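Inside the fold
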Amino acid sequence: MLAADKLQLQSSLKQQATALKEKEFNLHHSNLMTVGTQAAVLAGLDITMFIEFQPPHDSEWGDQHHISRTIKFVYYVTITMAFCANLLVVGQSTALSVLGSSMALRGPDGSMISATDGMYDERRSVFAAFGVGLVTTVLSVISAVWLILSPEAAVVCVGITLFTCMKM
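**Considerations on the side chain of Ser 93**
Inspection of the secondary structure puts Ser 93 in helix 2 (residues 65–106). Judged by relative accessible area, which is 2%, Ser 93 ranks as buried. Excluding anything up to four places from it in sequence, Ser 93 contacts Leu 32, Met 33 and Gly 36.

Shown next, in the form of structure tokens:
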């Protein structure tokens, strides 16, 4: 009788631990999917900015064409970095969602715990890549503002952008 009670207690404890890990798994899964969706939207914005943006020709800058070339260089580097970082987030979050869910549901005994811990460990790199994508998108917008607006308007727009970034 004592052995049966012990076995039942162990089984109940294991079920409760698995249920708790399932809640944690669902939280991580939801967070990663939200970040992945936002990164997909940003990647769409980034590629549109890359393709559609037509900066003024260097000759329009007169003697200061080297400034124009430098700002264009910064713009194209940051918009490319932003697109790649956001695309990386989409890929990472999709892979974690598919593989994590598959492991949690179809894996051996204890796989829910392994899948949850794995998602928790990987979330930091996904969030870091998302941060890089967001920051470089904002930097590319600041560069574009300097390319297409007058200096006075560019200063105001950059100020508004920086104010917004400080509020985030």
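**Observations concerning the packing of aromatic side chains**
For any two aromatic rings, the description comes down to two numbers: the centre-to-centre distance and the angle of the planes. Enumeration over the complete set of coordinates arrives at three aromatic pairs. On the basis of an interplanar angle of 85° and a centroid distance of 5.6 Å, the ring pair of Phe 50 and Tyr 76 is categorised as edge-to-face. Separated by 26 residues along the polypeptide, Phe 50 in helix 1 (residues 2–52) and Tyr 76 in helix 2 bring together distant segments of the chain. Where Phe 53 meets Tyr 75, the ring centres are 4.8 Å apart and the plane angle is 50°; that geometry is what we call tilted. On the criterion of sequence distance, the pair formed by Phe 53 in the loop between helix 1 and helix 2 and Tyr 75 in helix 2 is long-range, its members being 22 residues apart. In this structure, Phe 53 and Tyr 75 share a single accessibility class: buried.

**As for the packing of helix 2 against helix 3 (residues 111–148)**
Remark: helix 2 packs on helix 3, axes separated minimally by 7 Å, with the N-to-C direction vectors making an angle of 160°. In terms of orientation, helix 2 lies roughly antiparallel with respect to helix 3. As for the relative orientation of helix 2 and helix 3, their crossing is left-handed in sense. Of the residues in the contact of helix 2 with helix 3, the class split is 24 nonpolar, 13 polar and two charged.

**Some remarks on the nonpolar core**
With 14 residues, the main nonpolar core has Phe 25, Leu 32, Val 35, Val 89, Ala 104, Val 126 and Phe 130 as its most contacted residues. If you list the elements that add at least two residues to this core, you get helix 1, helix 2 and helix 3. Ranked by the residues each element gives to this core, the list is headed by helix 3, at six residues. Residues in contact with Val 35, not counting those within four places in the same chain, are Val 89, Val 126, Phe 127 and Phe 130. Ranked by size, the runner-up nonpolar core spans seven residues in total, among them Met 49, Tyr 75, Ala 144 and Leu 147.

**Thoughts on the side chain of Asn 86**
Tracing the chain through its elements places Asn 86 in helix 2. Reaching out from Asn 86, the side chain makes a polar contact with the side chain of Asp 46 at a distance of 2.8 Å. Once you skip the residues sitting within four places of it in the chain, Asn 86 turns out to touch Ala 39, Leu 42, Ala 43, Asp 46, Phe 130, Gly 133, Leu 134 and Thr 137.

Quick notes on the rules
- Residues numbered from 1 in each chain as written.
- Predicted model: local features only at pLDDT ≥ 70, side-chain atom pairs only at ≥ 80, totals over all residues.
- Heavy atoms only, no water.
- Helix = DSSP H or I, 4+ residues; strand = E, 2+ residues; numbered from the N terminus.
- Buried < 20%, exposed > 50% of the residue type's maximum accessible area, 1.4 Å probe, protein only.
- Contact = heavy atoms within 4.5 Å.
- Phe/Tyr/Trp six-rings, centres within 6.5 Å; stacked < 30°, edge-to-face > 60°.
- Axes fitted to C-alpha atoms, helices over the stretch in contact; angles between N-to-C directions.
- Parallel < 35°, antiparallel > 145°, perpendicular 65-115°, else oblique.
- Left-handed = near helix turned anticlockwise from the far one by under 90°.
- Nonpolar A, V, L, I, M, F, W, Y, C, P; charged D, E, K, R; others polar.
- Core = buried A, V, L, I, M, F, W, Y, C linked by side-chain atoms within 4.5 Å.
- Polar contact = N/O pair within 3.5 Å; in protein donor to acceptor, adjacent residues only side chain to side chain.

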